[in-house]
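Here's the letter readout for the chains.
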Amino acid sequence: MHIRIFENREVASAYAAALLEQTVIHQPHPVLGLATGETPLPLYRRLAEFHRQGLSFSHVTTFNLDEYVGLPATARESYHAFMEQHLFQFLDIPSSHRHIPNGLAADLLAECRRYDHLLQEHRIDLQLLGIGRNGHIGFNEPGETLSANTHVMSLSKSTRDANARFFETPDAVPQKAITIGLNAILESRHILLMAFGPDKADAIAGALSGEISTALPASLLETHPNVTWVLDREAARLLPESIGR
Ligand code: PGA
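Anyway, here's the lowdown on the structure attached to this text. Here the structure is a predicted model, which means the values were calculated and not measured.

About the thresholds
- Residues numbered from 1 in each chain as written.
- Predicted model: local features only at pLDDT ≥ 70, side-chain atom pairs only at ≥ 80, totals over all residues.
- Heavy atoms only, no water.
- Helix = DSSP H or I, 4+ residues; strand = E, 2+ residues; numbered from the N terminus.
- Rg over C-alpha atoms; globule rule 2.2 N^0.38 Å.
- Contact = heavy atoms within 4.5 Å.
- Areas by Shrake-Rupley, 256 points an atom, 1.4 Å probe, with all protein chains shown as cover.
- 1 Å grid on protein atoms, 1.4 Å probe; cavity = no way out; pocket = protein on both sides within 12 Å on 5 of 7 lines; lining within 4 Å.
- Points joined across faces, edges and corners; volume = space filled by probe spheres on them.
- Nonpolar A, V, L, I, M, F, W, Y, C, P; charged D, E, K, R; others polar.
- Pairing = 2+ DSSP bridges.
- Near = heavy atom within 4 Å.
- Polar contact = N/O pair within 3.5 Å; in protein donor to acceptor, adjacent residues only side chain to side chain.
- Buried < 20%, exposed > 50% of the residue type's maximum accessible area, 1.4 Å probe, protein only.
- Right-handed = clockwise from strand over helix to strand, strands pointing away.

1. Side note on the overall build of the chain
A tally of helices and strands in the chain yields seven helices and ten strands. In terms of overall dimensions, the chain is globule-like: its C-alpha atoms have a radius of gyration of 17 Å, near the 18 Å expected for 245 residues. Principal-axis analysis of the C-alpha atoms gives the chain an extent of 50 × 45 × 35 Å. When contacts within the chain are restricted to residue pairs at least 6 apart in sequence, long-range pairs at least 24 apart make up 78% of them. When the accessible area of the chain is evaluated, it comes to approximately 11,000 Å², of which 51% is carbon and sulfur surface.

Structure, rendered in structure tokens:
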């Protein structure tokens, strides 16, 4: 496990972008796990810049972590639209290489199985993760149990409140999402978790406390041999002084 603490999210994202660039350059068929939300935006801007400067992503396959249930891909708040707006329109990844769960599938269970099947065929080389204020990864919310496979998750109040800023009204935040499970995340060769800002400090301190609990899903990352935690000072504020500062 590597913990890197940076002055601010821009510098942290430059570091994350350089790690991701190495995967894109050195793997013949890189498989990237992608995340949505505010955290990866500075990283995605840098990837777009890399592409403008000549880095090709045409050999890359991507898997997004999750998608809301009930939103069409064309809805502004969907993660399909998010990825198009913030990343895909700027890169040359063929559309057939880009995978996001279909939150409008008539049979959601079958959609989860379809996604797991694809993930089994494409082991993720580098999985990007954000972290929820409640410690969720993807939409694997805290609970008594966690799911191994792709599944439909009822979103917690904390998550719906946090994501309300992306919707016109808080009530418009969907109640459910499809998310990949802990298996696919923990099977990834390398995990890159980014967390910025004071709202993430509690979740980061809990995840790195050394105790593993389904009440804080990100704590399960401690069982993975190759996780890089990319933090800004505010998100790292509650970590022991001995870590990284
Ligand atoms: P955020 O969300 O990047 O918008 O803070 C992260 C998450 O909920 O996983």
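And the narrative resumes.
2. Things to note about the layout of surface pockets
Of the pockets and cavities examined, the largest pocket occupies roughly 520 Å³. Lining the largest pocket are 28 residues; nearest its centre among them are Glu38, Thr39, Ile131, Arg165 and Lys200. Of the residues belonging to the lining of the largest pocket, the class tally is ten nonpolar, eleven polar and seven charged.

3. What about the sheet that holds strand S3 (residues 61–64)?
Reading across from one edge, S1-S10-S9-S6-S2-S3-S5 is the order of the seven strands in this open sheet, with parallel pairing throughout. Every other strand in the sheet has two partners, leaving strand S1 (2–6) and strand S5 (98–99) as the edge strands with one partner each. Pairing geometry for strand S2 (residues 31–34) and strand S6 (residues 126–129), over two bridges, is parallel. For Leu32, the partnering residue across the bridge sits in S6 and is Leu126.

4. Considerations on the site of the ligand
The environment of the ligand is made up of Gly37, Glu38, Thr39, Gly130, Ile131, Gly132, His136, Arg165 and Lys200. His136 places a side-chain nitrogen or oxygen 2.7 Å from an oxygen atom of the ligand. Lys200 is positioned such that a nitrogen or oxygen atom in its side chain is 2.6 Å from an oxygen atom of the ligand. Residues belonging to the shell around the ligand are distributed by class as follows: one nonpolar, five polar and three charged.

5. Considerations on the pairing of strand S10 (residues 227–232)
On a regular strand, each side chain points to the face opposite its neighbour's, so the side chains alternate between the two faces of the sheet. Burial runs high along S10: six of the six residues are buried. Note that S1 and S10 share five bridges and pair parallel. Following the sheet pairing, Phe6 is matched in S10 by Asp232. Bridge analysis of strand S9 (residues 190–195) against S10 gives five bridges, and the strand direction is parallel. Looking across to S10, one finds that Ile191 is bridged to Val227. This β-α-β element, S9 to helix H7 (residues 201–207) to S10, shows right-handed connectivity.

6. Some details on the environment of Ala16
Relative to the helices and strands, Ala16 resides in helix H1 (residues 9–26). Take Ala16: its relative accessible area is 0%, and that puts it in the buried class. Residues Ala16 and Arg46, 30 residues apart in the sequence, show an inter-C-alpha distance of 9.5 Å. Filtering out sequence-adjacent residues up to four positions away, Ala16 remains in contact with Leu43, Leu192 and Met194.

Treat this as a map of the structure, not an account of what it does.
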